[in-house]
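Descriptive analysis of the structure
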Amino acid sequence: MEEFREWFARIVPLLLVISLTTANYLPRHHGSVLLENGLGRTPPMGWNDFNHFHNKINETIVRETVDAIVSTGLAALGYNYINIDDEWAEQSRDKEGNLQPRKDRFPSGIKNLADYVHSKNLKFGIYSDAGRLTCAKTQPGSLNFENQDAKTFAAWGVDFLKYDNCHNDGASPKIRYPKMQKALLATGRPIFYALCEWGYEDPALWAPGVGNSWRTTGDIKDNWQSMIVRADQNDKWAKYAGPGGWNDPDMLEVGNGGMSLEEYRAHFSLWALMKAPLIIGCDVRNLKQEYLDILMNKEVIAINQDSMGVQGKRVSRKGALEARLVWGGPLSQGKFVALLLNRGDSTAKIRAYWEQIGAKPGSSVQVRDVWAHKDLGAFSQGYIEEAVDAHAIKMYVVVPKS
Ligand SMILES: *[C@@H]1O[C@H](CO)[C@@H](O)[C@H](O)[C@H]1NC(C)=O
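Residues numbered from 1 in each chain as written. Predicted model: local features only at pLDDT ≥ 70, side-chain atom pairs only at ≥ 80, totals over all residues. Heavy atoms only, no water.

Some remarks on the overall build of the protein chain
We count it as follows: Numbering goes from the N terminus for both helices and strands, where a helix is a DSSP run of H or I of at least four residues and a strand is a run of E of at least two. What the globule rule says is 2.2 Å times the number of residues to the power 0.38, and the radius of gyration is computed from C-alpha atoms. For each residue, the accessible area found with a 1.4 Å probe, counting protein chains only, is set against the maximum for its type, and the residue is called buried under 20%, exposed over 50%, and partly exposed in between. Residues count as neighbours in contact if any of their non-hydrogen atoms are within 4.5 Å of one another. The Shrake-Rupley method, run with a 1.4 Å probe sphere, supplies the accessible areas, and residue values consider only the shown protein chains as cover. When charges are counted, neither His nor the chain ends are considered; positive counts come from Lys and Arg and negative counts from Asp and Glu. Charge positions come from single atoms, namely NZ of Lys, CZ of Arg, CG of Asp or CD of Glu.
Helix and strand counts for the protein chain come out as 10 helices and 16 strands. By the compact-globule yardstick of 21 Å for 402 residues, the protein chain fits well, its C-alpha radius of gyration being 23 Å. For the protein chain, the C-alpha atoms occupy an extent of roughly 70 × 70 × 35 Å along the three principal directions. Going through the 402 residues of the protein chain one by one, you find that 54% of them count as buried. At a minimum sequence separation of 6, the contacts of the protein chain that also span at least 24 residues come to 71%. When the accessible surface of the protein chain is split by element, carbon and sulfur atoms take 53% of a total near 17400 Å². Side chains of the protein chain give 47 positive and 47 negative charges; the mean places of these two sets differ by 3 Å.

Here's what the structure looks like:
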């Protein structure tokens, strides 16, 4: 008995040390660390002007975009944030230190515009910067004005803040970004908080309790190489995403014309699978049907908005630069998503094994092609696609038979 007590006294502190140490290394699994604003239970969907208008934004364009988002049916599919980017404010604050809407571009004011957005059952997003100036340098940043600017945004009815990282005098985002988080929470208005420090200080490691999303990459450009590199960079942080906080490889380029339809389908599918924010970045007022068809694929949107909120990832063992790659991950109700990516320059045969994406090997599964909108039948080990075009994907929802 005495011996046992001695052994016990020795083992308990040891166990404590072991468990505390491992706790530090465990993934901050989805859902465990949340920003307490209740937002972003699934990745945000909406629109932002930057990728198309490059800051040449004004209230006319925003109002017409709101109307188009509704009339095309995009709003009904969940694209509900209407977000303006840089260059919406005057160069200087008013006498009380408040940000002022630019009179040339937003003559009716921001509150008025937000009211219009809300009248269509949509949400309004704005932009600021965790430095002295925004990236365009045409308006002040919110550094040292966090509380005042958060109050202004809340008073205007802002629902979403993209917070950039220019002109920050070298101070760490880990210090500057939580200040705005606290300021937003203090307003009492739920405001989706999108961190945009471009992945500089590995935000997946510290931002899940700070923001609802955090950029993992520099700005995207409207070409295949730029897009696919961002998918690779974002993939690395998959385990840190979950309901309330998402990895953000930047906004969508679909519809801007720099990629082929197959490439845009790959872009949209990868973003959906990675549980990335689906923020449209084109001019939806004049959008060709073929682009709308991509953005409006309900089955792909459902993968992005799946309630389980697990970021799918590259599951092939080969390196990211291999031409033929398999991506996948779990969905709710025991389902899985599988994506075959051909990043090479010629048509390729690609095979996915169900065990790669998490399904039991040998189990019989039903496979549905979410771009062809077709059930392909039952397959037990995996699935071979004989011909995946260059720079193209195939995407499946996989349902194990019970
Ligand atoms: C917004 O920009 C468009 C296109 O440049 C222009 O036609 C329109 O008059 C502008 N509206 C305002 C309020 O500046």
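A look at the domain arrangement of the protein chain
Defined as follows: Those domain boundaries reflect an automatic or database domain assignment. In short, buried area is how much 1.4 Å probe accessible area vanishes from two parts on joining, totalled over both. When a carboxyl oxygen of Asp or Glu lies within 4 Å of a side-chain nitrogen of Lys or Arg, that pair is called a salt bridge. Two N or O atoms count as a polar contact when they lie within 3.5 Å, although within protein this holds only if one can serve as hydrogen donor and the other as acceptor, and sequence-adjacent residues are included solely when both atoms are side-chain atoms.
One can read the domain layout of the protein chain as domain 1 (45-305) and domain 2 (315-400). Using only C-alpha atoms to locate each centre, domain 1 and domain 2 end up separated by 31 Å. Counting residues at the interface gives 21 residues for domain 1 and 19 residues for domain 2. Contact between domain 1 and domain 2 buries roughly 1800 Å² in total, counting both sides, with carbon and sulfur atoms accounting for 70%. Of all residues in domain 1, the largest losses of buried area upon contact with domain 2 belong to Leu-273, Glu-299 and Ile-303, amounting jointly to 32% of the total for that side. Inspection of the domain 1/domain 2 interface yields 2 salt bridges. Note that Glu-299 is salt-bridged to Arg-368, the shortest N-O span being 2.7 Å. Here domain 1 and domain 2 share 7 residue pairs in polar contact (both at pLDDT 80 or more) between them. Elements that contribute at least two residues to the side of domain 1 that touches domain 2 include exactly helix H7 (224-235), helix H8 (261-273), helix H9 (289-295) and helix H10 (298-304).

A look at the sheet that holds strand S4 (residues 160-164)
Counted only if it meets this: DSSP calls a pair of strands paired once it identifies at least 2 bridges connecting them. Inter-axis angles, ranging from 0 to 180 degrees, are taken between N-to-C directions of lines fitted to C-alpha atoms, where helices are fitted over the stretch in contact.
With respect to topology, 8 strands assemble into an open sheet ordered S7-S6-S5-S4-S3-S2-S1-S8, the strand pairing being parallel. Bordering the open sheet on either side are strand S7 (246-248) and strand S8 (278-280), each of which pairs with just one other strand. Sheet twist, expressed as the average angle between the axes of neighbouring strands with direction ignored, equals 25°. Across 3 bridges, strand S1 (residues 45-48) lies against strand S2 (residues 81-83) in parallel orientation. Paired with Asn-48 across the two strands is Asn-83, which belongs to S2.

Looking at the environment of Ile-357
Looking at the secondary structure, you find Ile-357 in the loop between strand S12 (348-353) and strand S13 (365-369). A relative accessible area of 4% places Ile-357 in the buried class. Note: C-alpha distance between Ile-357 and Leu-184 (173 residues apart in sequence) is 39 Å. Here Ile-357 is in contact with Val-315, Val-326, Trp-327, Gly-328, Gly-329, Pro-330, Phe-336, Val-337, Ala-338 and Val-398, once residues within four sequence places are set aside.

Comments concerning the state of the cysteines
Put simply, the test is: Defined by distance alone, a disulfide is two cysteine sulfur atoms within 2.5 Å.
In total, this model carries 1 disulfide according to the counting rule given. Two residues share a disulfide in this structure: Cys-135 and Cys-166, whose sulfurs sit 2.0 Å from each other. Here the disulfide of Cys-135 and Cys-166 is right-handed, its torsion about the S-S bond being about 95°. With a gap of 31 residues between them, Cys-135 in the loop between strand S3 (123-129) and helix H5 (146-156) and Cys-166 in the loop between S4 and helix H6 (173-187) connect regions that are remote in the sequence.

Some words on the site of the ligand
Put simply, the rule reads: Here, proximity means that at least one heavy atom of the residue falls within 4 Å of the molecule or strand. Under the scheme applied here, ten amino acids are nonpolar (Ala, Val, Leu, Ile, Met, Phe, Trp, Tyr, Cys and Pro), four are charged (Asp, Glu, Lys and Arg), and all others, including Gly, are polar.
By nearness alone, every residue bordering the ligand is listed as Asn-58, Thr-60, Ile-61, Asp-104 and Arg-105. The separation between a nitrogen atom of the ligand and a polar side-chain atom of Thr-60 is 2.8 Å. Surface burial for the ligand is 41%, taken as the share of its 370 Å² of free accessible area covered by protein chains. Here the shell around the ligand is composed, by residue class, of 1 nonpolar, 2 polar and 2 charged.

Re the packing of helix H3 (residues 59-72) against helix H4 (residues 110-119)
Applied cut-off: The scheme is simple: roughly parallel for angles under 35 degrees, roughly antiparallel for over 145, roughly perpendicular for 65 to 115, oblique for anything else.
Two elements in contact, H3 and H4, have axes separated by 10 Å at closest approach and are oriented at 5°. Here H3 is positioned roughly parallel relative to H4, judged by the angle of their axes. From H3, Glu-59, Val-62, Arg-63, Val-66 and Asp-67 reach across to H4, where they touch Asn-112, Leu-113, Tyr-116 and Val-117. Its residues placed into classes, the contact of H3 with H4 shows 5 nonpolar, 1 polar and 3 charged.

Some details on the pattern of salt bridges
Taken as a whole, this structure holds 21 salt bridges when the rule is applied. The residue Asp-232 makes a salt bridge to Arg-343 at a minimum N-O spacing of 3.1 Å. Pair noted here: Asp-232 is in helix H7 and Arg-343 is in the loop between strand S11 (336-342) and S12, with a separation of 111 residues, a long-range link. Each of the salt bridges in this network shares a partner with another, and the network as a whole consists of Glu-87, Arg-102, Asp-104 and Arg-105.

Brief notes about the nonpolar core
The following threshold applies: As used here, the term nonpolar core means buried Ala, Val, Leu, Ile, Met, Phe, Trp, Tyr and Cys residues forming a set that is joined through side-chain atoms within 4.5 Å.
Ranked by internal contacts, the top residues of the largest apolar core, which has 89 residues, are Trp-88 and Phe-268. Here this core spans two domains, since at least three of its residues come from each of domain 1 (45-305) and domain 2 (315-400). Excluding residues within four positions of it along the chain, Phe-268 makes contact with Tyr-79, Leu-252, Val-254, Leu-278, Ile-294, Leu-295, Val-300, Ile-301 and Trp-371. Ala-338, Ile-350, Val-367 and Val-388 belong to the second-largest nonpolar core, a separate cluster that totals 17 residues.

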